[in-house]
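Each chain, written out:
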Amino acid sequence: MSSQYETRLDKLVQHLEARQIELAIINSPKNVYYYTGFNSEPHERFMALIIDLRKEKKFLFVPALDLEEAEKSSSVETIIPISDDLNPYQVLKNTVEEGVKSIGLETKNISLFQQEQIKHFFGDFHYQNIGEFISSERMKKSRDECAKVQTAVYAIEKVLSEGIKRFQIGMSELELTAELEFLMRKFGAEGPSFSTIVLSGSKSSLPHGRPDQKKIQHGEFLLIDMGVLLDGYCSDITRTFVVGEETNEQRRIYNIVRESVQAGIYAVRAGVPAATVDLASRNVIKENGYGQYFNNRVGHGLGMEVHEEPSIHEKNEMLLEPGYLFTIEPGIYIPGFGGVRIEENVYINQQGEAEVLTSYPTELTSIG
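Here's what I pulled together on the structure shown here. Since the model is a prediction, treat every value here as computed from it, not as a measurement.

**Some points on the sheet that holds strand S11 (residues 233-234)**
No. 1: Read across the sheet, 3 strands follow the order S7-S10-S11 without closing on themselves; strand pairing throughout is antiparallel. Both edges of this open sheet fall to strand S7 (191-192) and S11, since each of them pairs with a single strand only.
No. 2: Bridge count between S7 and strand S10 (residues 228-230): 2 bridges; the pairing is antiparallel. What sits directly across from Gly-191, in S10, is Leu-229.

**Focus on empty space enclosed by the protein**
No. 1: Under the defined criterion, the tally for this structure stands at 2 cavities of 30 Å³ or more.
No. 2: Taken as a whole, the largest cavity holds about 40 Å³ of empty space.
No. 3: Lining the largest cavity are Gln-4, Tyr-5, Arg-8, Tyr-33, Tyr-34, Asp-144, Glu-145, Lys-148, Tyr-233 and Met-304.
No. 4: Elements supplying a minimum of two residues to the lining of the largest cavity: helix H1 (3-18), helix H2 (29-36) and helix H7 (143-165).
No. 5: Roughly 30 Å³ of internal volume is contained in the second largest cavity.
No. 6: What lines the second largest cavity is Ile-25, Asn-27, Phe-46, Tyr-89, Leu-92, Ile-110, Gln-114 and Ile-118.
No. 7: When contributions to the lining of the second largest cavity are tallied by element, the ones reaching two or more residues are helix H4 (88-96) and helix H5 (112-122).
No. 8: For the lining of the second largest cavity, a count of residues per class yields 6 nonpolar, 2 polar and no charged.

**Digging into the layout of surface pockets**
No. 1: The space that makes up the largest pocket amounts to roughly 520 Å³.
No. 2: For the largest pocket, the lining is made up of 19 residues, of which Asn-31, Lys-108, Gly-131, Ser-135 and Glu-309 are closest to its centre.
No. 3: No other element matches the 6 residues that helix H6 (residues 131-139) contributes to the lining of the largest pocket.
No. 4: Of the residues assigned to the lining of the largest pocket, the class counts are 3 nonpolar, 8 polar and 8 charged.

**Let's talk about the packing of aromatic side chains**
No. 1: Applying the stated criterion to the full structure yields 6 aromatic pairs.
No. 2: A centroid spacing of 6.1 Å and a plane angle of 85° characterise the contact between Phe-46 and Phe-61, whose relative ring orientation is edge-to-face. Here the residue Phe-46 occupies a position in the loop between H2 and strand S2 (48-52), and Phe-61 occupies one in strand S3 (residues 57-63), the gap between them amounting to 15 residues. Just as Phe-46 is buried, Phe-61 falls in that class too.
No. 3: Both rings, one in Phe-46 and one in Tyr-89, keep their centres 5.1 Å apart while their planes meet at 65°; by these two values the pair is edge-to-face. Remark: Tyr-89 occurs in helix H4 and Phe-46 occurs in the loop between H2 and S2; sequence separation between them is 43 residues.
No. 4: On the basis of relative accessibility, which here comes to 11%, the residue Phe-46 falls in the buried class.
No. 5: A relative accessible area of 6% places Tyr-89 in the buried class.
No. 6: Aromatic ring contacts, followed pair by pair, group Phe-46, Phe-61 and Tyr-89 into a single cluster.
No. 7: Lying over the aromatic face of Tyr-34, Arg-8 brings its terminal NZ or CZ to 4.0 Å of the ring centre.

What counts and how
- Residues numbered from 1 in each chain as written.
- Predicted model: local features only at pLDDT ≥ 70, side-chain atom pairs only at ≥ 80, totals over all residues.
- Heavy atoms only, no water.
- Pairing = 2+ DSSP bridges.
- Helix = DSSP H or I, 4+ residues; strand = E, 2+ residues; numbered from the N terminus.
- 1 Å grid on protein atoms, 1.4 Å probe; cavity = no way out; pocket = protein on both sides within 12 Å on 5 of 7 lines; lining within 4 Å.
- Points joined across faces, edges and corners; volume = space filled by probe spheres on them.
- Nonpolar A, V, L, I, M, F, W, Y, C, P; charged D, E, K, R; others polar.
- Phe/Tyr/Trp six-rings, centres within 6.5 Å; stacked < 30°, edge-to-face > 60°.
- Buried < 20%, exposed > 50% of the residue type's maximum accessible area, 1.4 Å probe, protein only.
- Lys NZ or Arg CZ within 6 Å of the ring centre and 35° of its normal.

Structure, rendered in C-alpha cells:
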C-alpha cells in the first residue's frame, strides 16, 4: 500500500475509533480517491470505501465495469465489484454482516434514497457525520499535492497565453471557449476543471455567466475564468482583458480590482482568520466606492475539486494553517456596464507564508 494513502487511512481510522464508529461509508468520489488512489466518477452507480472497524477490514466497492481500473490503482486490496443487476446495499450488508450500531457517513453526500437503503438493510443504528473531519484533512495539502496544483496552473496559463493569440474581434464567446478547451486537451489536461467562462461586454458583470453566441466587440471587457484537471488536481484562474483601447472608467475599475487582489495576498499567513483575507480585499473595493458591486466571497479552497474548503469569506473566523490552498478572486460587477475579476491561486507553506502559484500577468492588457 502506498505510504501516502496508508497514512491518510490511519488518521481516519484513529478518528473513527475515537468516535466509537463501527462502520464508515465514504461515497464521495474525490474522498474515495483521497484515501485509495482510485479516481473515478461512478455517476448513478454505487461506489464507496467501506471501513469495518469490528473486523479491522477495508473494502472498496466499485461498479463492475470499473473493476480492472480499480485493481490497477487502488491501495485498498479488497475490491468488490457491483454489477448493474444487484442492489449494492444488499451486497454491503452481506459483506459486513449484521449488528452494526454506529455508522460514519458523509452527510453532505448521502441522499435521502441512500439513507433509506442503509436504514432498510441495517435496521437500528445511529450515524455520525465524518465528512467534516475528512474535509479538514483534505484542506491541509502536502507539498506533493501543491506541486500537482502547480502543474495544473502552468497548464491553464499556457492555454490562456496561446488562446489569446487566437482571439479575433467578432468571434463569439462560444467560439473562443472552444479554442480554449481544445488547447486544454492539446496541452495534456484531462479536460476543464469546470465549465469555462468567457464573457464580454455587459455580460462580464455576471460572475458565473455562460458563454453564448454573443460577438466580442471592440471596447468591451473580456473576462475569462477557467481551469484544468490534471493528474487528479485542479487549477482555476481568471483574467480580464479589454478589447481595443480601454476607457478611463474601465482602467479605474480594473486597477481597483488588481489592488484588491494584492491586498488579499498580502494578508495571507498562517494563524490569521480566513475573514482577514476577505476583508483585506473587500475593503479596497469598498473604500473606492464600489462595495455594492461585490457581493460574493473572495475565494475558495482548491485541490482535487475546484471548489472545496476553506471558504474565504468575511465571517469565517477559522484560522489559516500551513497546507491550505485557495483562490483570491475579488471582482467588481456593474450591471449593464460589465465586470472585472482577477483570480490568483495561493498556498500557505510550512513556514506559514503565502506562495502565489499563478504567474500570468495581472496588468491591464489590450487585445484584438
